[in-house]
Amino acid sequence: MCNKCKSMYILSSRRPLTEAHGYFVVIDTLATISDAPSPAVTRVLYTDKDIKARSYVKDLMKHAGLSVREDAVGNIFGRWDGIEQEVGAVATGSHIDAIPYSGKYDGVVGVLGAIEAMNVLQRSGFKPKRSLEVIMFTSEEPTRFGISCLGSRLMAGSEELEKALLKRVDGENISFLDAARSADYMGDDIELSSVRLSQGQYSAFVKLHIEQGPILEDEGISIGIVTAIAAPASIKVGFEGNGGHAGAVLMPHRNDAGLAAAELALAVEKHVLESGSNDTVGTVGILDLHPRAINSIPSKSHIEIDTRDIDELRRNTVVEKIRQSAIAIAERRRVKLSEFEIINQDPPAPADGKIILAMEAASRELNLTYKKMISRAYHDSLFMARVSPMGMIFIPCYNGYSHKPEEYASREDLANGVKVLALTLAKLSLS
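These remarks concern the structure in this document. Computed from a predicted model, the values in this text were never measured in an experiment. (Residues numbered from 1 in each chain as written. Predicted model: local features only at pLDDT ≥ 70, side-chain atom pairs only at ≥ 80, totals over all residues. Heavy atoms only, no water.)

1. Observations concerning the overall build of the protein
Threshold: Each helix is a run of H or I in the DSSP string that is no shorter than four residues. Each strand is a run of E no shorter than two, and both are numbered from the N terminus. The quantity called the radius of gyration is restricted to C-alpha atoms. Its globule counterpart is 2.2 Å times the number of residues to the power 0.38. When a residue's accessible area, from a 1.4 Å probe over protein chains only, is under 20% of the maximum for its type it is buried; when over 50% it is exposed; and in between it is partly exposed. Should any heavy atoms of two residues lie within 4.5 Å, those residues are considered in contact. All accessible areas in this document rest on Shrake-Rupley with a 1.4 Å probe, and a residue is counted as covered only by the protein chains that are shown. A positive count includes Lys and Arg, and a negative count includes Asp and Glu. His and the chain ends are not counted in either. Just so you know, the charge point we use is NZ for Lys, CZ for Arg, CG for Asp and CD for Glu.
When helices and strands are counted, the protein shows 13 helices and 17 strands. Radius of gyration (C-alpha) of the protein: 23 Å, near the 22 Å computed for a compact globule of 431 residues. Across its three principal directions, the C-alpha atoms of the protein cover 85 × 50 × 40 Å. Taking all 431 residues of the protein together, the buried fraction comes to 54%. For the protein, the share of sequence-separated contacts (at least 6 apart) that also reach a separation of at least 24 residues comes to 79%. Here the protein displays about 18,500 Å² of accessible surface, and carbon together with sulfur accounts for 51% of that area. Looking at charge distribution, the protein has the averaged site of its 49 positive side-chain charges lying 3 Å from that of its 56 negative ones.

2. Overview of the packing of helix 2 (residues 23–31) against helix 13 (residues 411–430)
Stated formally: Helix axes are fitted to C-alpha atoms over the stretch in contact, other axes to C-alpha atoms as well, and angles between N-to-C directions run from 0 to 180 degrees. In this scheme, roughly parallel covers angles under 35 degrees and roughly antiparallel covers those over 145, while 65 to 115 is roughly perpendicular and the rest are oblique. Side-chain classes follow a simple rule in which Ala, Val, Leu, Ile, Met, Phe, Trp, Tyr, Cys and Pro form the nonpolar group, Asp, Glu, Lys and Arg form the charged group, and the remainder, Gly included, forms the polar group.
Across the interface, helix 2 lies against helix 13 with an axial gap of 11 Å and an inter-helix angle of 110°. Viewed along their axes, helix 2 and helix 13 adopt a mutual orientation that is roughly perpendicular. Within the contact between the two elements, helix 2 uses Tyr23, Phe24 and Ile27 and helix 13 uses Arg411, Leu414, Ala415 and Val418. Here the contact of helix 2 with helix 13 is composed, by residue class, of six nonpolar, no polar and one charged.

3. Observations regarding the pairing of strand 3 (residues 76–80)
Which entries qualify depends on this criterion: We call two strands paired when DSSP finds no fewer than two bridges between them.
Strand 3 sits mainly inside the fold: four of its five residues count as buried. Sheet topology places strand 3 next to strand 6 (residues 132–137); five bridges connect them, and they run antiparallel. Bridge assignment links Phe77 to a residue of strand 6, and that residue is Ile135.

4. Section: the nonpolar core
Taken as a class, soluble globular proteins show a tendency for nonpolar side chains to be buried jointly. Using the following cut-off: In these notes, a set of buried Ala, Val, Leu, Ile, Met, Phe, Trp, Tyr and Cys residues joined through side-chain atoms within 4.5 Å is what counts as a nonpolar core.
Ranked by internal contacts, the top residues of the largest apolar core, which has 60 residues, are Tyr23, Leu112, Ile115, Leu414 and Leu425. In this view, Leu425 contacts Val90, Ala91, Thr92, Ala117, Met118, Leu121, Leu132 and Val206; residues no more than four positions away in its chain are not counted. Residues Tyr46, Leu150, Ala180 and Tyr185 belong to the second largest nonpolar core, which totals 44 residues.

Rendered as structure tokens:
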């Protein structure tokens, strides 16, 4: 039997390739490396638990026979050399950092599942033509330094981020560079530019992930095939008023920064709904008031806004409408618009057509139902798409829960995701 046929025959079989080799055990084990008590998981960039978890992942990569390397900020790469090492490799992976009190599957499925996919292919006797590489990205979550997808942004060549990180500090005033060096990264003679990938280094990037939404579970579908990733714009807004006593200052004489923020929050909803598309969403996730006393009129307010769409122009139109509303609200309420900063405004990313076809073919050959869908959550894939064709595989998760301890994916769905990933990687490696 030919190499390709043999691999596909074994991958398509009903033999529990994943469960028999400890895939679920390593997910549970990694979850114990946490700064939060079970079932919650907390792993923040460059902390002791993050460093310990990184060591565990590197050991798993080595046990799978992968050659392991790390870059200046701690992106970890596990490589299986193919027959044709001079051509672009096929990559897969995700992250293992976890926001405070989250679950054990977000990101982790894409790293440990990728390593297990390598084990599955090796057990099948597969011999890669293009090299295969597992990537564990540094700091997909913005928990410590306020920057999402830090590692993949740098890999994609963000000069703006390279400059910003030289001055960035966390909530305890620890600089990014000092934090990285405490974890044995960013030596004195190493530049952040060394993290950049070259065009053509990867011929494809495929990521396995829980859906983080309820659609697959609700519709009883095994696999989600992502066609595009919606990208957010993040905005910080501040208002300043005069404040005053809640009883003594009459309503006509108030300059209430809190009401300005509340009015802007409602304006965000209005502008999003005006877009006419269900793909446009907006969220006010932070609204802080000063001095936060029940009998004091707020003199300052701070609001942070996330708006997303798969259509960049439509999303940017919403951002501009929010800006115009902030200006108008400040004028009407006689408060100062002290801040309006667009933190990021990344373009959405379409999945590559050839990778979509490979994921569809893998799902059909494994007799798994699938659905094409949009990813509305942020992913490292958004930035990998700048340097490589990109695709994503979703598996169902209970009630669509994510970023909370109740996050859950069944063993059957976890195994299905690994097999679809493995077969997709095999197809792309042989292409």
